[in-house]
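Working through the structure, step by step
Take a look at the letters that make up each chain.
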Amino acid sequence: MSTTKSLSYVRKEILEQQPAPRSQVGFTRWVRENLFSGWFNSILTLVSIFVIYKVAAAALPWLLGGVWDASSLEECRAVLNERFGNTHYACWAVITERWNQLLYGFYPDTEYWRANLAFFLMLASLAPVLFDKIPRKMLYLTMAFPFLLVWLVWGGTLWGVISVAAGFVLGGVAFKLVDRYGSMALSAIAAVVVAAIWWLFISPSVVDGLNAFLPFGHLQEVQSRDLGGFMICVIIGISGIALSLPIGIVLALGRQSDLFVVKTICVGFIEFIRGVPLITLLFTASLLLNYFLPPGTAFDLTLRVIIMVTLFSSAYMAEVIRGGLAALPKGQYEAADALGLDYWKAQRLVIMPQALKISIPGIVNTFIGLFKDTTLVMFIGIYDMLGLSNAIRANSAWNGIYWELFIFIGLVFWICCFAMSRYSQWLERKLRTDHR
Amino acid sequence: MSLAQDRAIDRSKLTVSDEVAIQITNMNKWYGEFHVLRDINLTVNRGERIVIAGPSGSGKSTMIRCINRLEEHQKGKIIVDGTELTSDLKNIDKIRSEVGMCFQHFNLFPHLTILENCTLAPMWVRKTPKREAEELAMHFLEKVKIPEQADKYPGMLSGGQQQRVAIARSLCMQPRIMLFDEPTSALDPEMIKEVLDTMIELAEEGMTMLCVTHEMGFARQVANRVIFMDQGQIVEQNEPEEFFNNPKSERTKLFLSQILGH
Ligand SMILES: Nc1ncnc2c1ncn2[C@@H]1O[C@H](COP(=O)(O)OP(=O)(O)O)[C@@H](O)[C@H]1O
Ligand SMILES: [Mg+2]
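Residues numbered from 1 in each chain as written. Chains lettered and ligands numbered in written order. Predicted model: local features only at pLDDT ≥ 70, side-chain atom pairs only at ≥ 80, totals over all residues. Heavy atoms only, no water.

The name that an unreviewed UniProt entry assigns to chain B is Amino acid ABC transporter ATP-binding protein, with the source organism given as Celeribacter halophilus. Quoted verbatim from the Sequence similarities (unreviewed entry) heading of the UniProt record, the comment on chain B is "Belongs to the ABC transporter superfamily." (UniProt positions renumbered as here; feature names shortened; annotations may be inferred.)

Per an unreviewed UniProt entry, chain A goes by General L-amino acid transport system permease protein and derives from Celeribacter halophilus. Under the UniProt heading Sequence similarities (unreviewed entry), the note attached to chain A is "Belongs to the binding-protein-dependent transport system permease family. HisMQ subfamily."

Shown next as structure tokens:
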């Protein structure tokens, strides 16, 4: 202090911006900072490179030198012996030879086009949901897709699914009509009652009649036990994903409700489902439900499994979304109230868009978990890809083949899950508007 | 205090009508066992600008939040624009759409643009067509002097700008009464003036205003009545000149000496 005569200082000109020093930018800097920033880090880098080299040297020849064309393990080994003198190479031929089975299970091969068409339609109807650049008109396809899926995959006439759709329409009309007079709850009850009456009592005879006189759009019927492979994973996975999100939202809101009964039911449901292993629920679906349902009701196994998987992940979903709701400041609710938005409008326009955005990582996490859990259906006798890998091995032609099948199945799941993960990261970035 | 006195206000324009806008009689409220509001009586005429002051925790926010039912009172009567506040949802919705409110922390919707923040309630509550709602929003955004920010998100704006958007958002519902809960307390000093200026303009247009604030300059300049609250009660109310120059109760004197710093 005492060395300076005066503390007063005034800058006369403003300095120009200067480029950063060379060593602070580019690849060299990245390598230095991330790989060789100190002796410890440098050793780690070298050791890692060595390990990666060793693993690649062992695995790559096995992976790449394999045989793609053979009709049994024996034949494959013969080819390998001839080519390399040993059999330390993969037999990918099992994938090519059983390709259709791995994809479609025991679906009749004349009908593969239906599965393919359904898969294509699924992608097309997902597009407008995932990307808001896609024309909104495509959402009509999205709404029709569940019915098209059922018709294409299980076959029969179009009347069956049309009548199910009609139930929804009737319920919607009932909701609108009653909504004019009274409360939400009353309209919801009216909608459910009208739809149930239609589905249970009126629709079966109507459908039978129509089928007899005018079998419109009839496709060969396929039983649920013939579904399998990647197809069944996608059917169960996509249905579970599409249904568990809305149910999870309702459960999360119910858990916050001021109404004691609603709150208790939601909490009870969530805690029960979360406390039970999925496989227990699946066994319940495959065995026990038959005892409880009235005799003679044919309740499709796939449908039962979808219901159980959906319930299971909607409980997790509810908790994920509750986390998002809890992260919202109270001021958002108050501002919505003060503007005169009612509960449902406030939820839909203000609260949920923000809560869901916060919950995206957790929601996608639950989706990924659900999709991988579809492999559990092999324990109740559904031939998904894992179940098929056992079946394939049971055949004498491919007895003893493990790695190739597991790697293939793992890769298929990894691609699907990685795609979900990337999409969610993209969505998060796109929706980031708070600039904090 | 620090409010710039450069803006001359024509107080003759600030007229108060005989019509009653808000009538609160013997209102009481409890949080559990805690008696927050005790026997509040207050009549506000149309066109009045009321400033509510008082130490932290005295129940100022709670009182004005009862007026649009963000909080429920347990005893007494609140009549807003001729409609009594009961648990009847229809009345509550009606009152909320006629009473605008601005908060300390603005509470803008961060996932919507400024324009969407302003058009949301008119479109969904009043069922105004989108085009019309947007015109209305732009009109009020011009009024608070930030039309050029319409397509930005709230997070990109300064605090003062955000609070002005919040005022515009409330105005888009064309309320007859505005409530302000410490609208400038979360702002940096240089932004306080722009918000107060907007509020002064509103007052000049004859808006009925209830304003919780510690901006005593604003109170002197704009208010026609200052209310002092302590421990859940209205302790003193008077015209601003009298209130500041000649406070009657000891608690008011103490509060004023603390807040005015002498
Ligand atoms: N939700 C609540 N539950 C319980 N006590 C509350 C709640 N909100 C406020 N209070 C209490 O009520 C009193 C008045 O609060 P408030 O109206 O916010 O005061 P002010 O706005 O005058 O600072 C304070 O003592 C506060 O702690
Ligand atoms: Mg307060």
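So, on to a nonpolar patch on the surface. Residue and element names in this part refer to chain A. Taken together, Val164, Phe168, Ile189, Val193, Ile197, Trp199, Leu200, Phe201, Ile202, Val206 and Leu210 make up a surface patch of nonpolar side chains, about 990 Å² in accessible area. Counting residues per element, the nonpolar patch draws most heavily on helix H9 (residues 184–213), at 9 residues. Within the secondary structure, Val164 is located in helix H8 (residues 158–179). (Patch = residues over 30% accessible without salt bridge, like charges linked within 9 Å, V, L, I, M, F, W, Y side chains within 5 Å. Areas by Shrake-Rupley, 256 points an atom, 1.4 Å probe, with all protein chains shown as cover. Salt bridge = Lys/Arg side-chain N within 4 Å of Asp/Glu carboxyl O. Helix = DSSP H or I, 4+ residues; strand = E, 2+ residues; numbered from the N terminus.)

Residue and element names in this part refer to chain B. Near ligand 1 you find Tyr31, Phe34, Val36, Pro55, Ser56, Gly57, Ser58, Gly59, Lys60, Ser61 and Thr62, and these make up its full shell. Here an oxygen atom of ligand 1 sits 2.8 Å away from a polar atom, N or O, in the side chain of Lys60. Between ligand 1 and Ser61, the relevant distance is 2.5 Å, taken from an oxygen atom to a side-chain nitrogen or oxygen of the residue. Bound to the protein, ligand 1 loses 60% of the 560 Å² it would expose on its own. Elements that contribute at least two residues to the shell around ligand 1 include exactly strand S2 (34–45) and helix H1 (60–67). At 3 residues, H1 tops the list of elements feeding residues into the shell around ligand 1. Residues belonging to the shell around ligand 1 are distributed by class as follows: 4 nonpolar, 6 polar and 1 charged. (Near = heavy atom within 4 Å. Polar contact = N/O pair within 3.5 Å; in protein donor to acceptor, adjacent residues only side chain to side chain. Nonpolar A, V, L, I, M, F, W, Y, C, P; charged D, E, K, R; others polar.)

Attention shifts here to the side chain of B:Glu182. Residue and element names in this part refer to chain B. Here Glu182 shows up in the loop between strand S7 (177–181) and helix H6 (189–204). One buried charged residue, Glu182, remains without a salt bridge, the closest side chain of opposite sign being Lys60 at 4.4 Å. Polar side-chain contacts of Glu182 include one of 2.8 Å to the side chain of Ser185. Among all residues touching Glu182, those that are not within four sequence positions of it are Lys60, Gln104 and Val212. (Buried < 20%, exposed > 50% of the residue type's maximum accessible area, 1.4 Å probe, protein only. Lys, Arg positive; Asp, Glu negative; His and termini not counted. Contact = heavy atoms within 4.5 Å.)

Residues and elements named next belong to chain A. In total, this model carries 21 aromatic pairs over all chains according to the counting rule given. Ring plane angle 70° and centroid distance 5.8 Å describe the contact between Trp62 and Trp92, whose orientation is recorded as edge-to-face. With Trp62 in helix H2 (residues 39–64) and Trp92 in the loop between helix H3 (73–84) and helix H4 (93–97), this residue pair connects regions lying 30 residues apart in the sequence. When its relative accessible area of 21% is taken as the criterion, Trp62 is described as partly exposed. (Phe/Tyr/Trp six-rings, centres within 6.5 Å; stacked < 30°, edge-to-face > 60°.)

With that settled, the discussion passes to the interface of chain A and chain B. Opposite the 20 residues of chain A that make contact, chain B presents 22 residues. Both sides together, the interface formed by chain A and chain B hides about 2000 Å², and carbon and sulfur atoms give 64% of it. When residues of chain A are sorted by the area they lose upon contact with chain B, A:Ala338, A:Leu339 and A:Thr433 head the list and together hold 29% of the total. Counting across the chain A and chain B interface gives 1 salt bridge. Put simply, B:Arg65 and A:Glu334 hold a salt bridge, and the shortest N to O gap is 2.7 Å. In this structure, the connection of chain A to chain B is made through 6 residue pairs in polar contact (both at pLDDT 80 or more). Secondary structure elements with two or more residues in the side of chain A that touches chain B: helix H14 (330–338) and helix H15 (343–373) of chain A. Tallying contributions element by element places H14(A) first for the side of chain A that touches chain B, with 8 residues. Residue composition of the side of chain A that touches chain B, grouped by class: 8 nonpolar, 6 polar and 6 charged. (Buried area = accessible area lost by both parts, 1.4 Å probe.)

Let us now look at the sheet that holds S7(B). Residue and element names in this part refer to chain B. Read from one edge to the other, the open sheet built from 6 strands follows the order S6-S7-S8-S3-S9-S10, with strand pairing classed as mixed. Every other strand in the sheet has two partners, leaving strand S6 (99–102) and strand S10 (233–238) as the edge strands with one partner each. For this sheet the average axis-to-axis angle between neighbouring strands, irrespective of direction, equals 20°. In terms of strand pairing, strand S9 (residues 225–230) meets S10 through 5 bridges, oriented antiparallel. What sits directly across from Val226, in S10, is Asn238. With respect to the sheet, helix H2 (residues 89–98) is in contact with S6 and S7, its orientation differing from that of S6 by roughly 65°. (Pairing = 2+ DSSP bridges. Axes fitted to C-alpha atoms, helices over the stretch in contact; angles between N-to-C directions.)

All names here are of chain B. Per the stated rule, a full pass over the model turns up 25 salt bridges over all chains. Glu201 is paired through a salt bridge with Lys145; the nearest N and O atoms lie 3.0 Å apart. Within this pair, whereas Glu201 is found in helix H6, its partner Lys145 is found in the loop between helix H4 (130–143) and helix H5 (159–171), the two being separated by 56 residues in sequence. Classification of Lys145 as exposed rests on a relative accessible area of 52%.

Right, let's talk about the sheet that holds strand S1 (residues 20–31) of chain B for a bit. All names here are of chain B. Read from one edge to the other, the open sheet built from 4 strands follows the order S2-S1-S4-S5, with strand pairing classed as antiparallel. What marks the edges here is a single partner per strand, and that holds for S2 and strand S5 (83–84). Bridge count for S1 against S2 is 8 bridges, and the pairing is antiparallel. Considered in S2, the bridge of Val20 is made with Asn45.

A few words on empty space enclosed by the protein. Under the defined criterion, the tally for this structure stands at 2 cavities of 30 Å³ or more. Within this model, the largest cavity holds a volume of roughly 90 Å³. In terms of lining residues, the largest cavity is bounded by 16 residues, among which A:Ala338, A:Leu339, B:Gly100, B:Met101 and B:Ser170 are the most central. Among the secondary structure elements, those contributing two or more residues to the lining of the largest cavity are H14 of chain A together with H2, S6 and H5 of chain B. Here the residues of the lining of the largest cavity are counted per class, giving 11 nonpolar, 3 polar and 2 charged. There is about 30 Å³ of room inside the second largest cavity. Taken together, B:Arg49, B:Ile50, B:Val51, B:Met209, B:Cys211, B:Phe218, B:Val222 and B:Ala223 form the lining of the second largest cavity. Within the residue set of the lining of the second largest cavity, elements represented by two or more residues are strand S3 (49–53), strand S8 (208–212) and helix H7 (216–222) of chain B. Sort the elements by how many residues they give to the lining of the second largest cavity and S3(B) lands first, with 3 residues. Per-class residue counts for the lining of the second largest cavity are 7 nonpolar, no polar and 1 charged. (1 Å grid on protein atoms, 1.4 Å probe; cavity = no way out; pocket = protein on both sides within 12 Å on 5 of 7 lines; lining within 4 Å. Points joined across faces, edges and corners; volume = space filled by probe spheres on them.)

With 27 residues, helix H13 (residues 301–327) of chain A should cover 39 Å at 1.5 Å per step; its first-to-last C-alpha distance of 39 Å lies within 8% of that length. At the N-terminal boundary of H13(A), the capping side chain belongs to A:Asp300, with an oxygen 2.8 Å from the backbone nitrogen of A:Thr302. (Expected span 1.5 Å × (residues − 1).)

Residues and elements named next belong to chain A. One pass over the structure, following the stated rule, counts 1 disulfide over all chains. Sulfur-sulfur distance for the disulfide between Cys76 and Cys91 comes to 1.8 Å. With the S-S dihedral at roughly -100°, the linkage between Cys76 and Cys91 falls on the left-handed side. Of this pair, Cys76 sits in helix H3 while Cys91 sits in the loop between H3 and H4, and the two are 15 residues apart along the sequence. (Disulfide = S-S within 2.5 Å.)

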